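# Secondary and tertiary structure notes
Here is how the chains run, residue by residue.
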2 protein chains.
Amino acid sequence: MPTSSARSSSGCPTEPGRLASGEEGTTALILVTNDDGITSPGLHALSAELKRLGRVIVVAPEAERSAVGHAITTTIPLRIQEFRRGDEVVGFATSGTPADCVKIAVRALLEVPPDLVVSGINRGSNLGTNVIYSGTVSAATEARILGIPSLAISLDADADADWSYAAVVGRRLAAQVLERGLPPGVLLNVNVPNLPAGRVRGFRITRQGSSRFTEEFVAREDPRHQPYYWLTGSYEVNDDDPETDGWAVANGYVSVTPISFDLTAHAARAELAGWDLDD
Amino acid sequence: MPTSSARSSSGCPTEPGRLASGEEGTTALILVTNDDGITSPGLHALSAELKRLGRVIVVAPEAERSAVGHAITTTIPLRIQEFRRGDEVVGFATSGTPADCVKIAVRALLEVPPDLVVSGINRGSNLGTNVIYSGTVSAATEARILGIPSLAISLDADADADWSYAAVVGRRLAAQVLERGLPPGVLLNVNVPNLPAGRVRGFRITRQGSSRFTEEFVAREDPRHQPYYWLTGSYEVNDDDPETDGWAVANGYVSVTPISFDLTAHAARAELAGWDLDD
């Protein structure tokens, strides 16, 4: 009954006395989002597993929002639609980005903040430098900015995939986060290799590596003879260090990278102190 | 003559023998971009100052792209238009995001990679947690991912502003970066207080603080009685630590923060190693 923890779409509480967390005392409220859109099978596999841990509400983009990074919507208004699967109210589809979904869920749709935000399961890995383009990760980052423990989970699969093992991984990590919490300002970026459960070699706590897309642009001409460009490219795993996320997934491990949104290059501060900047 | 370093809009070199950097040996090629759009006065003030250091080419969004974070455009093609100011070819306006602009400039429009990418001058600061939403910063980040030294520069002004001092700051920092380089994977996030030159107290090498927007959503109803939501909020300076970017700008200093795109929370890795994750 996820709607009992949600306000109506007018922004007013539907049932002000029924707060999801308060009602059952110890039941965790888990917000699930993604960047592949609310109909994505990865999101549904994850939600089904997370229901074993608590009450799940989904607030996700109405359609794919891949590679939006940490975009938020400020110049146009957001639209929200209740989203059902058969008779069940799954949650809300929004016209916004993954970060928007978390913001509006926490600030306007939910009566109480969720205990945990889980973003995914993304179709395709979010490893190395690609993490900064990831809408999946940005949704979890937004939650952590708002003070809510969070994790992002991605499956290293391009096309149709078996989500079941990754969903179990998501549930297991979610249980740990609910039980142990996370250090302030830290969230988890989880990547699961596309292997049957029995062939996954275990978990590795990794650092963000330097794998990335090598891009090129394909130039074409439209029927009016105007040029246009498609971004294309191929994914390069550059990481031969077993400490990295890219190595872990390429070698059959689930990669768990603790990440933060403090971008400061602390080691570089001393070097810059010697620069000639003043008049 | 920035076009001499540019390919034609069909993706083919216009004058294959005339490469900007090669032609004059030591002349620096500087790519300027932003997220306020190619007609922004901040971009033009910056470009004018940077011309004292080398050859400047502008590749910027055709209109405002604020708060797009590190979004890139993958599901629709990009459009490019030559952009002139009077007789002068300034560069190219694109239909993409700031990160797209840097990618397509380096991968398709320029014959040789620029020696430096400068993004700005943004109207409004990019401080604390807000850095992760910033299109201005993401353009500089994209450059650094591509191996090109870069800096982002923002002026702490809401409306019409005097860009002249901030442009001088941008030129002075650009000169230092061209002369000294930057550590691998490190770029600069520069924020200038909105003060007359004589009242700025100097430069501080800072860390990213925790100032941020406190958001709320304003719910309205459209003429068809459907709800919609505007994101709004106010900027909160939470930083009383003089090491932070927010403190520096609030206290009349130019803030220079070295940042990176390695999001790993290295200190948290040991803690996670004790979690119960394996079957």
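Residues numbered from 1 in each chain as written. Chains lettered and ligands numbered in written order. Predicted model: local features only at pLDDT ≥ 70, side-chain atom pairs only at ≥ 80, totals over all residues. Heavy atoms only, no water.

## Considering the overall build of chain A
Across its full length, chain A carries seven helices and 11 strands. The C-alpha atoms of chain A give 20 Å as radius of gyration, which agrees with the globular expectation for 279 residues (19 Å, within 12%). Reported as C-alpha extents along the three principal axes, the dimensions of chain A are approximately 60 × 55 × 55 Å. Buried residues in chain A amount to 61% of all 279 residues. Long-range contacts, defined here as pairs at least 24 residues apart, represent 75% of the contacts in chain A between residues at least 6 apart. Of the accessible surface of chain A, which amounts to about 10,700 Å², a share of 48% is contributed by carbon and sulfur atoms. (Helix = DSSP H or I, 4+ residues; strand = E, 2+ residues; numbered from the N terminus. Rg over C-alpha atoms; globule rule 2.2 N^0.38 Å. Buried < 20%, exposed > 50% of the residue type's maximum accessible area, 1.4 Å probe, protein only. Contact = heavy atoms within 4.5 Å. Areas by Shrake-Rupley, 256 points an atom, 1.4 Å probe, with all protein chains shown as cover.)

## Some thoughts on the relation of the copies chain A and chain B
The operation relating chain A to chain B is a screw motion whose rotation component is 180 degrees, with 0.0 Å of axial translation and a residual RMSD of 0.0 Å. This pairing of chains is accounted for by a two-fold axis. Looking at chain A, 100% of its interface residues are interface residues in chain B too, so the copies touch through the same face. (Least-squares fit on C-alpha atoms with pLDDT ≥ 70 in both.)

## Quick look at the pattern of salt bridges
Think of it this way: side chains of opposite charge can pair up when their charged atoms draw near. Residue and element names in this part refer to chain A. The full count for this structure, using the stated rule, is 24 salt bridges over all chains. Between Lys103 and Glu142 there is a salt bridge, and its shortest N-O distance comes to 2.9 Å. Placement of Lys103 in helix α3 (residues 98-109) and of Glu142 in helix α4 (residues 135-145) is noted, with a sequence separation of 39 residues between them. Residues Lys103 and Glu142 agree in their burial class; the two are buried. When salt bridges that share partners are traced, they join Glu49, Arg52 and Arg171 into one network. (Salt bridge = Lys/Arg side-chain N within 4 Å of Asp/Glu carboxyl O.)

## So, the sheet that holds strand β7 (residues 186-192) of chain A
All names here are of chain A. Spatial strand order, β3-β4-β2-β1-β5-β6-β7-β11-β8: nine strands in an open sheet with mixed pairing. Of all strands in the sheet, those bounded by a partner on one side alone are β3 (80-85) and β8 (203-205). With strand direction ignored, the average angle separating the axes of adjacent strands in the sheet is 25 degrees. Sheet analysis places β3 next to strand β4 (residues 88-94), joined by six bridges and oriented antiparallel. From the neighbouring strand, Phe83 faces β4, where its bridge partner is Gly91. Packed onto the sheet, α4 meets β1 (28-33), β5 (116-123), β6 (150-155), β7 and β11 (254-260) and runs at close to 170 degrees relative to β6. (Pairing = 2+ DSSP bridges. Axes fitted to C-alpha atoms, helices over the stretch in contact; angles between N-to-C directions.)

## Some words on the nonpolar core
Within the largest apolar cluster, 76 residues are counted, with the highest numbers of intra-cluster contacts made by Val59, Ile104 and Tyr229 of chain A together with Val59, Ile104 and Tyr229 of chain B. Beyond its immediate chain neighbours, meaning those up to four positions away, Val59 of chain A contacts Leu31, Val32, Thr33, Phe92, Thr94, Cys101, Ile104, Ala105 and Leu109 of chain A. One finds Val90, Val190, Phe203 and Val256 of chain A within the second-largest nonpolar core, a separate group that totals 40 residues. (Core = buried A, V, L, I, M, F, W, Y, C linked by side-chain atoms within 4.5 Å.)

## Topic: the interface of chain A and chain B
Each side of the interface is counted separately: chain A has 85 residues, and chain B has 85 residues. Here chain A and chain B share an interface that buries about 7,600 Å² over both sides, 60% of which is from carbon and sulfur atoms. Three residues, Tyr229, Leu263 and Trp275 of chain A, lead the burial of chain A against chain B; their summed loss comes to 11% of the area buried on that side. Inspection of the chain A/chain B interface yields eight salt bridges. One salt bridge in this structure joins Arg180 of chain B and Asp276 of chain A, with 3.2 Å as the shortest N-O distance. At the junction of chain A and chain B, the tally comes to 36 residue pairs in polar contact (both at pLDDT 80 or more). Broken down by class, the residue content of the side of chain A that touches chain B amounts to 41 nonpolar, 25 polar and 19 charged. (Buried area = accessible area lost by both parts, 1.4 Å probe. Polar contact = N/O pair within 3.5 Å; in protein donor to acceptor, adjacent residues only side chain to side chain. Nonpolar A, V, L, I, M, F, W, Y, C, P; charged D, E, K, R; others polar.)

## A short note on the sheet that holds strand β3 (residues 80-85) of chain B
Two orientations exist for strands paired in a sheet by backbone hydrogen bonds: parallel and antiparallel. All names here are of chain B. In spatial order, the strands read β3-β4-β2-β1-β5-β6-β7-β11-β8; together these nine strands make up an open sheet with mixed pairing. Either end of the sheet is taken by a strand with one partner, and the two such strands are β3 and β8 (203-205). Between one strand axis and the next, the sheet turns through 25 degrees on average, direction left out of account. When strand β2 (residues 54-61) meets strand β4 (residues 88-94), the two strands line up parallel, connected through four bridges. Pairing of Val58 across the sheet is with Gly91, part of β4. Helix α2 (residues 41-50) rests against β1 (28-33), β2, β3, β4, β5 (116-123) and β6 (150-155) of the sheet, and its axis sits at about 140 degrees to β5. In the packing of helix α4 (residues 135-145) onto the sheet, the strands contacted are β1, β5, β6, β7 (186-192) and β11 (254-260), and the crossing angle to β6 comes to about 170 degrees.

## Some thoughts on α3 of chain A
When you tally the buried positions in α3 of chain A, you get 11 out of 12 residues, the bulk of the element. Regarding α3 of chain A, the residues found buried are Pro98, Ala99, Asp100, Cys101, Val102, Lys103, Ile104, Ala105, Val106, Ala108 and Leu109 of chain A.

## Considering the environment of Ala143 of chain B
Residue and element names in this part refer to chain B. Along the chain, the position of Ala143 falls in helix α4. Ala143 sits 40 residues away from Lys103 along the chain, and the two C-alpha atoms are 7.6 Å apart. Each residue touching Ala143, except ones within four places of it in the same chain, is listed here: Val102, Val117, Ile148 and Ser150.

## Topic: the packing of aromatic side chains
Residues and elements named next belong to chain A. Summed over the entire model, instances satisfying the criterion amount to two aromatic pairs over all chains. Ring plane angle 20 degrees and centroid distance 6.0 Å describe the contact between Trp247 and Tyr253, whose orientation is recorded as stacked. The cationic tip of Arg204 hangs over the ring face of Tyr253; the distance from NZ or CZ to the ring centre is 5.4 Å. (Phe/Tyr/Trp six-rings, centres within 6.5 Å; stacked < 30°, edge-to-face > 60°. Lys NZ or Arg CZ within 6 Å of the ring centre and 35° of its normal.)

## Brief notes about the packing of α2 of chain B against helix α5 (residues 164-180) of chain B
All names here are of chain B. Across the interface, α2 lies against α5 with an axial gap of 8 Å and an inter-helix angle of 45 degrees. If you check the angle between α2 and α5, you find them oblique. Seen along the crossing, α2 lies across α5 with a hand that is right-handed. Where α2 abuts α5, its residues Ala45, Leu46, Glu49 and Leu50 lie against Ala167, Val168, Gly170, Arg171 and Ala174. Residue composition of the contact of α2 with α5, by class: six nonpolar, one polar and two charged. (Parallel < 35°, antiparallel > 145°, perpendicular 65-115°, else oblique. Left-handed = near helix turned anticlockwise from the far one by under 90°.)

## Thoughts on the side chain of Thr94 of chain A
Residue and element names in this part refer to chain A. Counting through the fold element by element, Thr94 comes out in strand β4. In this structure Thr94 comes out as buried when scored by relative accessible area, which is 0%. Reaching out from Thr94, the side chain makes a polar contact with the backbone nitrogen of Gly96 at a distance of 2.9 Å.

## A word on the packing of α3 of chain A against α4 of chain A
Residues and elements named next belong to chain A. In the contact formed by α3 and α4, the axes pass within 7 Å of each other and the chain directions differ by 25 degrees. Here α4 runs roughly parallel to α3, going by the angle between their axes. Crossing of α3 over α4 shows right-handed handedness. Residue-level inspection shows Pro98, Ala99, Val102 and Lys103 of α3 in contact with α4, the latter providing Gly135, Ser138, Ala139, Glu142 and Ala143.

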